[in-house]
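Residue-level structural notes
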Amino acid sequence: MENKVSVGLLGLGVVGSGVIKLIENHQEKLAHQLGCSVQVKRVLVRDLDKSRDVTIDESILTTNPDDVLNDPEIDIIVEVMGGIEEAKQHISRAFAAKKHVVSANKDLVALHGPALQNAANRNKCDFYYEASVAGGIPILRGIADGLSSDHIQQVMGIVNGTTNYILTQMDSEGVSYEDALKAAQELGFAESDPTSDVDGLDAARKMAILARLAFSTAVDLEDVEVTGIRGIELEDLQYGNQMGYTMKLIGFANFDDHELEVNVQPTLLAKSHPLAAVKNEFNAVYVYGEAVGETMFYGPGAGSLPTATAIVSDIISVIKNMRLGVTGNQFIEPHFKKELKTPDKRHAQYYVRIYAKDQSGVFSTISSLFHEREISFKRILQAPIMKKEVAEIVFITHHTTLENFQEALENLGGLDTVLEVKSYYKVEGDAIT
């Protein structure tokens, strides 16, 4: 093997610029680790004249993907261009040309990861995508390598920094969702169109990737149930705080008895839970293994250099495999057939906030309705709303099945004494109050 490995970059935005900086600044360390230097030989861009925040030899820039994908001297393609179809085409061409690929593209990996991995294997190529989930946190490598000897039963994560920042501001500063979103946009934590983040789609893609890897099961994006944070009101955060909980957008994946559950939803998390302390734009993934017990991976979930760190680490892994002659062997076919849990097998606690008529016997009626479905209450708060002859009732259930809870909730809305079901959320952990 030569004393230089050449890399082709598809994209030179925020993350691509970070990759250039790390490779240039860490040449001595890379040479020591690998026994060779690493060179960025060609970079695909959309606009040659665009100003950039990285110093780069303009002669290596091109707007023609063929200059990168057909260059016989380029060993590794780094895809940081984003999008799905065009990126998929370029990566497929790279594998056909026997080039290894490192990607940060969560959308692409969530939708087409298994197919691209098969293409990589057929061509004896490596395909790594650590940066597609949680930025600089080495969670995929942690699961695939560090916990490979264990049977992972549960993965929970705060995997979207935008929503975590918004909910932290609502919780700590008492600002509305709209004001918190505006602040996130002004600081660059949220896009001008925040749909993918606040509707939970970004987190869902990451959870599909995590569940696929953690459980060795063919998890598809459509298997992930998704609820975003748009409808969250300050009152729910305040009541949650009063009872020892904080609100987070949680990606949740569980695998037991060979049955799978994956969802993303706003969740009232006990303040004693390790994830509850993760604030603002930071990410964290909590993993429970049968043997190891609880572990948690924490750090920056986005940003130029944190994400670039994950990409360059993947480049290092590819080069080590190249030097050992073992490329194209990291993929293992899913071990377990996918079986999704039905609502009668999904257990959780739930928070409910309702408006009801402020008269005697109302709560007894509500309580009886839930008890008929074997649902008992863990915490109860009740307060009259001034001058409205309306009571606001908040309660948290003990563990019950999703099927029983949904039935109780539907019947609750049919009671004459219940004016409105204001909100309901999943609850995780036991609060200490």
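Just above sits the structure.
Right, let's walk through the structure included here.

The next point concerns the sheet that holds strand 3 (residues 61–62). Taking strand neighbours across the sheet as the criterion, the six strands line up as 3-2-1-4-5-6 in an open arrangement whose pairing is parallel. Unpaired on one side and paired on the other, strand 3 and strand 6 (127–128) mark the two borders of the sheet. When strand 1 (residues 4–10) meets strand 4 (residues 74–79), the two strands line up parallel, connected through five bridges. Looking across to strand 4, one finds that Ser6 is bridged to Ile74.

For strand 7 (residues 152–158), the buried fraction is high: six of the seven residues fall into the buried class. Relative to strand 11 (residues 282–289), strand 7 runs antiparallel, the two being bridged by six bridges. Each residue of the ladder has a partner; that of Gln154, found in strand 11, is Tyr288. Sheet analysis places strand 7 next to strand 9 (residues 245–256), joined by four bridges and oriented antiparallel. Along strand 9, the bridge assignment pairs Gln154 with Asn254.

It is worth spelling out unusual backbone geometry at this point. Phi at Lys124 is positive, roughly 55°, even though this residue is not glycine. Considering the arrangement of structural elements, one finds Lys124 in the loop between helix 5 (106–122) and strand 6. The class for Lys124 is exposed, based on a relative accessible area of 52%. Despite not being glycine, Glu374 has its phi angle at roughly 60°, a positive value. If you trace the backbone, Glu374 turns up in the loop between helix 13 (362–371) and strand 14 (377–385).

The subject of this paragraph is the pairing of strand 5 (residues 100–103). Side chains of strand 5 alternate between two faces, with His100 and Val102 and Val101 and Ser103 buried alike. Judged from the four bridges that link them, strand 4 and strand 5 form a sheet pairing that is parallel. Bridging across to strand 5, Val78 finds its partner in Val102. Note: strand 5 against strand 6, two bridges, orientation parallel. Looking at the pairing, Val102 lines up with Tyr128 of strand 6. For the crossover from strand 5 across helix 5 to strand 6, the handedness is right-handed.

Moving on, we get to the nonpolar core. Grouped together as the largest cluster of nonpolar side chains are 77 residues, with contacts concentrated most on Ile139 and Leu210. Of all hydrophobic cores here, the second largest spans 33 residues; its members include Leu22, Val45, Ile60 and Val80.

Attention shifts here to helix 13. Residues Val362, Ile366, Ser367, Leu369 and Phe370 constitute the buried set of helix 13. Along helix 13, the residues classed as buried sweep out an arc of 160° about the axis, all on the same side. If you follow the buried residues of helix 13, they end up packed against strand 13 (347–357), strand 14, strand 15 (390–397), helix 14 (402–412) and strand 17 (418–428).

Parameters and conventions
- Residues numbered from 1 in each chain as written.
- Predicted model: local features only at pLDDT ≥ 70, side-chain atom pairs only at ≥ 80, totals over all residues.
- Heavy atoms only, no water.
- Pairing = 2+ DSSP bridges.
- Helix = DSSP H or I, 4+ residues; strand = E, 2+ residues; numbered from the N terminus.
- Buried < 20%, exposed > 50% of the residue type's maximum accessible area, 1.4 Å probe, protein only.
- Right-handed = clockwise from strand over helix to strand, strands pointing away.
- Core = buried A, V, L, I, M, F, W, Y, C linked by side-chain atoms within 4.5 Å.
- Arc of directions from axis to C-beta.
- Contact = heavy atoms within 4.5 Å.

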